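Letter by letter, the chains look like this.
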Amino acid sequence: MRGLAKSDYELLQDEMRQLKRENAALRAALDAQMQYQRHLREDRDRLDWLETLDCDSPWWVHLADSTNLRAAIDSAQNEAQP
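Residues numbered from 1 in each chain as written. Predicted model: local features only at pLDDT ≥ 70, side-chain atom pairs only at ≥ 80, totals over all residues. Heavy atoms only, no water.

Draft legend 1. Layout of the pattern of salt bridges. Tallied over the entire structure, the rule returns six salt bridges. Across the pair arginine 17 and aspartate 14 runs a salt bridge whose closest N-O atoms are separated by 2.4 Å. Of this pair, arginine 17 and aspartate 14 are both found in helix 1 (residues 6–51), three residues apart, which corresponds to roughly one turn of the helix. Under the relative-accessibility criterion, arginine 17 is labelled partly exposed at 43%. When its relative accessible area of 41% is taken as the criterion, aspartate 14 is described as partly exposed. The partner of aspartate 43 in a salt bridge is arginine 70, and the shortest N-O contact between them spans 2.7 Å. Of the two residues, aspartate 43 is situated in helix 1 and arginine 70 in helix 3 (residues 69–80); the sequence distance between them amounts to 27 residues. A relative accessible area of 21% means that aspartate 43 is categorised as partly exposed. The network of salt bridges with shared partners includes Asp43, Arg46, Arg70 and Asp74. (Salt bridge = Lys/Arg side-chain N within 4 Å of Asp/Glu carboxyl O. Helix = DSSP H or I, 4+ residues; strand = E, 2+ residues; numbered from the N terminus. Buried < 20%, exposed > 50% of the residue type's maximum accessible area, 1.4 Å probe, protein only.)

Shown next, in the form of structure tokens:
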């Protein structure tokens, strides 16, 4: 690189590598946060759907027999859609 001594160039390269590592770590943290928020929205949607059920709805029996409530709600929502 013109104008920089070899040691300066190597320091610049090291700094660039460090910045790339930090950028990758920040992107990973942001991706994890966005995924967590997506799961929270999905759970909110499930709770909103449960709130619409009457006490005598047959879906309660289906949900009560499930060991995976999220999957059971998703399945029930899909079956209930016209």
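Draft legend 2. Structural view of a nonpolar patch on the surface. On the surface, Leu4, Tyr9, Leu12, Met16 and Leu19 cluster together into a nonpolar patch covering about 400 Å² of accessible area. Its place among the elements puts methionine 16 in helix 1. Residue methionine 16 is classed as partly exposed on the basis of its relative accessible area of 40%. (Patch = residues over 30% accessible without salt bridge, like charges linked within 9 Å, V, L, I, M, F, W, Y side chains within 5 Å. Areas by Shrake-Rupley, 256 points an atom, 1.4 Å probe, with all protein chains shown as cover.)

Draft legend 3. Molecular detail of the environment of threonine 52. Tracing the backbone shows threonine 52 in the loop between helix 1 and helix 2 (59–64). Each C-alpha atom of the pair threonine 52 and alanine 5 lies 70 Å from the other, and the pair is 47 residues apart in sequence. Reaching out from threonine 52, the side chain makes a polar contact with the backbone oxygen of tryptophan 49 at a distance of 2.5 Å. (Polar contact = N/O pair within 3.5 Å; in protein donor to acceptor, adjacent residues only side chain to side chain.)

Draft legend 4. Quick look at the nonpolar core. Core analysis: the biggest nonpolar cluster contains seven residues, these being Trp49, Leu50, Leu53, Leu63, Ala72, Ile73 and Ala76. Counting only elements with at least two residues in this core, the list comes to helix 1 and helix 3. Beyond its immediate stretch of four places on either side in the chain, leucine 50 contacts Trp60, Leu63 and Ile73. (Core = buried A, V, L, I, M, F, W, Y, C linked by side-chain atoms within 4.5 Å. Contact = heavy atoms within 4.5 Å.)

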